[in-house]
Amino acid sequence: MSTFWNWWAVACTIIFFVLMVGVIVKYWRSNHKADQDHTIASFDGIDEKDAPPPKLLFVSYAVAFLLSAGYLVLYPGLGEWKGLANYDQADDKLSSPSTTLDQQFSQVTDTSLAALAQDADIVRSGRMLFQTHCSACHRDNAQGQKHFPNLIDKEWIYGGDDEAIIHSIAKGRNGAMPGWVEVMRKDEVDKISYYLASLNQRHSNVPEVKIELGKNLFAQYCSSCHGDGSANQQTGVPDLSDSVWLHGGSIEEIQHTINYGLNNLMPAFENQLSEHEILAIGAYIRKAGEEEEQKLAALNAQSVERGEYLAHAGDCVACHSAEGGEPFAGGLPFVTPFGTIYSTNITPHASEGIGEYDYDNFRDALVHGKGKHGYLYPAMPYTSYQYLTEQDMTDLWEYMQSIPAVARRNDENHMMFPSNIRLGLLGWNIVFMDTDPIDYNLPSELEGAVDDVEKWQKGKYWVAGLGHCSECHTPRNIAQALIPERIFQGNLIDGWNAPDITSTELYVGGWDEKTLTDFLHTGHSDKGTAFAGMADVVKNSLSLMTREDVESMSYYLLNGDVNNFIAADAVPLEPKGFDEAAYQEPIYATYKQTCGACHGNDGKGRDPIAPTLLNNGIIMHSDPFNTIAVTVRGLQPTYIDPERNFMPMASFEDILSDARLAELITFVRKHLGDQQSPVTPADVREVRETLEAAGYAGGLHTTPDMYDRRDNNIHIK
C-alpha cells in the first residue's frame, strides 16, 4: 500500500470513529431536554412520545467505543499499522496452509497420494482447499450428494488410482447418456427399470416376466454402452448391479434417467490450482478414503452378519424405503390423523442419513425414541424396539454402518399444530410409553399348557421386540398409542384390517403351529396366502429369518400371554365346504359366475390362479372387513414366490350391489368358513364408503395397482 492510501485509510477510519462518538455525545447532552409527556405525532391512534433513551444505551455505546479504540491500538485496523500486539494475519492457522504449501512439498520426495496422505500438514492443507473448491458438490467430508459422487468409498466411475484422481481434478470429466423417451415406449422403460432394480436384489412388486422382458430390452437398447451392467472405468460407465446410484436409484429416478438422459460435468481446475494444490486435494481424498476403509474394517464381521439378520427381522427396509425406492433411504409416507410423516434416511450418509450418529445416539433412537435432532414420532416402533438386548442393538448398529451411504434428502413432514412440535413427543413418551422391562416369566394361566417355555420366551422376544407385531395388529387410542389391554385385537391400516391375531382368534380359526409358520415364513399355507402389507412383511422380513425363529413366533402367538389367553368357551370352526344343498341355493349361481372361474366351483382354489377359499383364514375370521375389502378394491399378486404367484383379482364394486355382495359373502363365509353370522348390506356399504373416501376402491376391470396412485394425504379413519 502506498503512503497516500495508507494515510487515507487511517484518516477515514479516525474521522468516521470521531463522527460516531460525536453523534452519541450530542444526543447524550440533549437527553435531559426530552419530555416523555410531549406527543410528537400520532399514528392510527397510537401516540409517539418524546421519551428520553435509557442511560444504559449510552453506557453500552461508551463501552463499545472504548473497546473499539483499544482494538485499533492493539491490532491492525489503521492502514498499515500492525498494532502494539504486532499481530500478523499470516500467523493465523487458517492462512498458513495457503502460504506454506510449497514449503510443505519442499520436504517431500514421494508424491504418490498414498505417501502424501501420511503427511498431516499436507492433508490439512488439502482439506481446506477441498472445502473451498469441492465441498459445494461433494460435501465437507467428501461423501457426496445426489448427482455428485461419494469420494471416500471404493466406487470410482473413472478409477481410483492416483492418475485417475489427479486427471479428474486437473482435467475434469464429462459424461453423457442419451435420453430414450422418444425411442422407447413407457412400458419398455418401466420393464428396464424393474430389471435394473432386480440386479441389486431390490424387492419390487412386479412379476418375473416383466423383469425377464426388461433384461431383453436392456440387451437391445443399453448393452452397447453398459454391457451386462457391470462397470467400465475406461469409458466412465457405472456399475448398475450394486447399490450405489449417483443420480438416484429409486425406480422412478431410474426411469427418469432412461427417459431424459444425463450430462455429467466435473469442471477442470488445472487453471485455478497449482500442481501442489491439486496433489494436496488428492492427498486429502486418499486419506479420507483410508479412514473410511479403516472404519469399515474395524466393524466386527460376525456382528455385521448378525445385524443384517436382525435388520431383516425388524423389517427396517420396508418402512425406511419409499415405494420402489432405494433400501434404507427413507421416504415412505405414514398418514396419521395428525398429518403425514415420512420415514427417514438411515444409511450412514453424514448429512442426509445417520452418518454423524454414534452408538449412543442410535440406541437413544431405538430405545427412547430420541433422535439426534429431536424426539421421534411413534410411527417409529421404538416402543417395541426398546426390548432388544444390548448385544442385538450393538450388532444392528454394526450392520447399519456397513451399508452403502445414500445421498437422499429426507422429506418434510406435514403435521398439524401442536403435533409438529417435537418436544411434545417427550410428553407422549412420559404418558403413554411403558418402559418397564419385558417379563419373560410364564403367566400362571399358561402353566401346564405350554410344553416348551424356552421356545415360548424366544417367540415373545421376536414378536414383542423386532417383530413389533403389536404395532399393526393392536388398536390405538385417540393419541395413537397402543391399547395394551386389547393387544393383537386388530387395527385398520392402509385400507386393510391388520386382523385380530389373538390366541382365541387363531384357535377358533383352526390355525396350528405348522400352518401359521408356513404362512409367516413363506406367505403361503393351507389356510390361504399373505397379501397387501403382510405380504411385504413376509417378503422383506419373515422369509429371511430361520424357520426355527419363525416357528417360535407361531408358538408364542398360538399359546397367548397376558391380556391374550384362549377363551374358555372357544370352539374351533370346522368348515365343510359346499354340500348339495348349497349348490341348489340361488346365490350359488352368482358365486359360480363371479368367484368360481378362479377359486373353483367348489371353492378349493386353482393353482396357480387363485388360493383356496375353503378353510381360508380371512374367510373364517370373525371380522368380515377384509373379505368385503377384497371384493371392493381388488387385489394384486404378492410376488413373494415366482412359482406360487396368483392372478390379480379385479374389483367387483361395479358388478354387484351392496345387497347382492352381502348375500354372496354371507354364503361363502357360511359354507367355506363356518361363520354363521350374516354380512349385511350396511356392513358392505360402510366398508365401501370408507375405502372410496380414502381412494382405495376400484371398479370393473380396474387394475389393482390403484394404491400406488392414491392421495397419500388422506387418512382413512
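Every value quoted in this text rests on a predicted model; they were computed, and no experiment measured them.

1. So, the overall build of the chain
A count of helical and extended segments in the chain gives 30 helices and 13 strands. The C-alpha radius of gyration computed for the chain amounts to 34 Å, which surpasses the reference 27 Å derived for 717 residues by more than 25%, pointing to a less compact arrangement than a globule. Each of the 717 residues in the chain was classed as buried or not, and the buried ones make up 45%. For the chain, contacts bridging at least 24 residues in sequence account for 65% of all contacts bridging at least 6. Summing over all exposed atoms, the chain offers an accessible surface of approximately 37,600 Å²; the carbon and sulfur share of this is 55%. For the chain, the centre of its 53 positive side-chain charges and the centre of its 98 negative side-chain charges are spaced 4 Å apart.

2. Description of the UniProt feature "transmembrane region" (unreviewed entry) in the chain
Sequence positions flagged by UniProt for "transmembrane region" (unreviewed entry) are, in local numbering, residues 6-28 and 56-78. Helix makes up 100% of residues 6-28 and strand 0%, with an end-to-end C-alpha separation of 33 Å.

3. Description of the UniProt feature "domain: Cytochrome c" (unreviewed entry) in the chain
Per the UniProt annotation, the sites labelled "domain: Cytochrome c" (unreviewed entry) are residues 121-200, 209-289, 302-404 and 579-672. When the span residues 121-200 is considered, its composition is 51% helix and 6% strand, and the gap between its end C-alpha atoms is 41 Å. As annotated, residues 209-289 comprises 52% helix and 6% strand, and the C-alpha atoms at either end are separated by 41 Å.

4. A short note on the sheet that holds strand 9 (residues 414-415)
The sheet built from three strands is open, its strands ordered 5-6-9 with antiparallel pairing. Strand pairing shows two members of the sheet lacking a second neighbour, strand 5 (333-336) and strand 9, which therefore form its edges. Taken together, the two bridges between strand 6 (residues 339-342) and strand 9 define a ladder with antiparallel strand orientation. Bridge pairing links Gly-339 to Met-415 in strand 9.

5. Description of unusual backbone geometry
Residue Pro-418 follows Phe-417 across a cis peptide bond; omega there is 0°. Checked against the element boundaries, Pro-418 lands in the loop between strand 9 and helix 18 (424-432). Cis geometry marks the peptide bond from Asp-607 to Pro-608; its omega dihedral reads -5°. Mapped onto the elements of the fold, Pro-608 is located in the loop between helix 26 (586-599) and helix 27 (617-620). For Asp-674, which is not glycine, the phi torsion reads 60° and is therefore positive.

6. Points about the packing of helix 13 (residues 301-313) against helix 17 (residues 390-402)
Their axes nearest at 7 Å, the elements helix 13 and helix 17 cross at an angle of 95°. Judged by the inter-axis angle, helix 13 sits roughly perpendicular to helix 17. Across the interface between the two elements, Ser-303, Val-304, Arg-306, Gly-307, Glu-308, Leu-310 and Ala-311 from helix 13 touch Gln-391, Asp-392, Asp-395, Leu-396, Glu-398, Tyr-399 and Ser-402 from helix 17.

7. Quick word on a nonpolar patch on the surface
A surface patch of nonpolar side chains, amounting to about 670 Å² of accessible area, comprises Tyr-71, Val-73, Leu-74, Tyr-75, Trp-81, Leu-84 and Tyr-87. Relative to the helices and strands, Leu-84 resides in the loop between helix 2 (55-74) and helix 3 (96-106). Leu-84 sits in the exposed class, given a relative accessible area of 61%.

8. Details of the packing of aromatic side chains
Evaluated as defined, the whole model comprises 25 aromatic pairs. On the numbers, 5.2 Å between centres and 55° between planes, the contact of Phe-130 with Tyr-284 is tilted. Residue Phe-130 is found in helix 5 (residues 120-133), and its partner Tyr-284 is found in helix 12 (residues 275-297); the two are separated by 154 residues along the sequence. Tyr-284 gets classed as buried once you look at its relative accessible area, which sits at 8%. Here the aromatic rings of Tyr-461 and Trp-462 are separated by 5.6 Å at their centres, their planes lie at 65°, and the arrangement is edge-to-face.

Basis of the calculations
- Residues numbered from 1 in each chain as written.
- Predicted model: local features only at pLDDT ≥ 70, side-chain atom pairs only at ≥ 80, totals over all residues.
- Heavy atoms only, no water.
- Helix = DSSP H or I, 4+ residues; strand = E, 2+ residues; numbered from the N terminus.
- Rg over C-alpha atoms; globule rule 2.2 N^0.38 Å.
- Buried < 20%, exposed > 50% of the residue type's maximum accessible area, 1.4 Å probe, protein only.
- Contact = heavy atoms within 4.5 Å.
- Areas by Shrake-Rupley, 256 points an atom, 1.4 Å probe, with all protein chains shown as cover.
- Lys, Arg positive; Asp, Glu negative; His and termini not counted.
- Charge placed at Lys NZ, Arg CZ, Asp CG, Glu CD.
- UniProt positions renumbered as here; feature names shortened; annotations may be inferred.
- Pairing = 2+ DSSP bridges.
- Axes fitted to C-alpha atoms, helices over the stretch in contact; angles between N-to-C directions.
- Parallel < 35°, antiparallel > 145°, perpendicular 65-115°, else oblique.
- Patch = residues over 30% accessible without salt bridge, like charges linked within 9 Å, V, L, I, M, F, W, Y side chains within 5 Å.
- Salt bridge = Lys/Arg side-chain N within 4 Å of Asp/Glu carboxyl O.
- Phe/Tyr/Trp six-rings, centres within 6.5 Å; stacked < 30°, edge-to-face > 60°.

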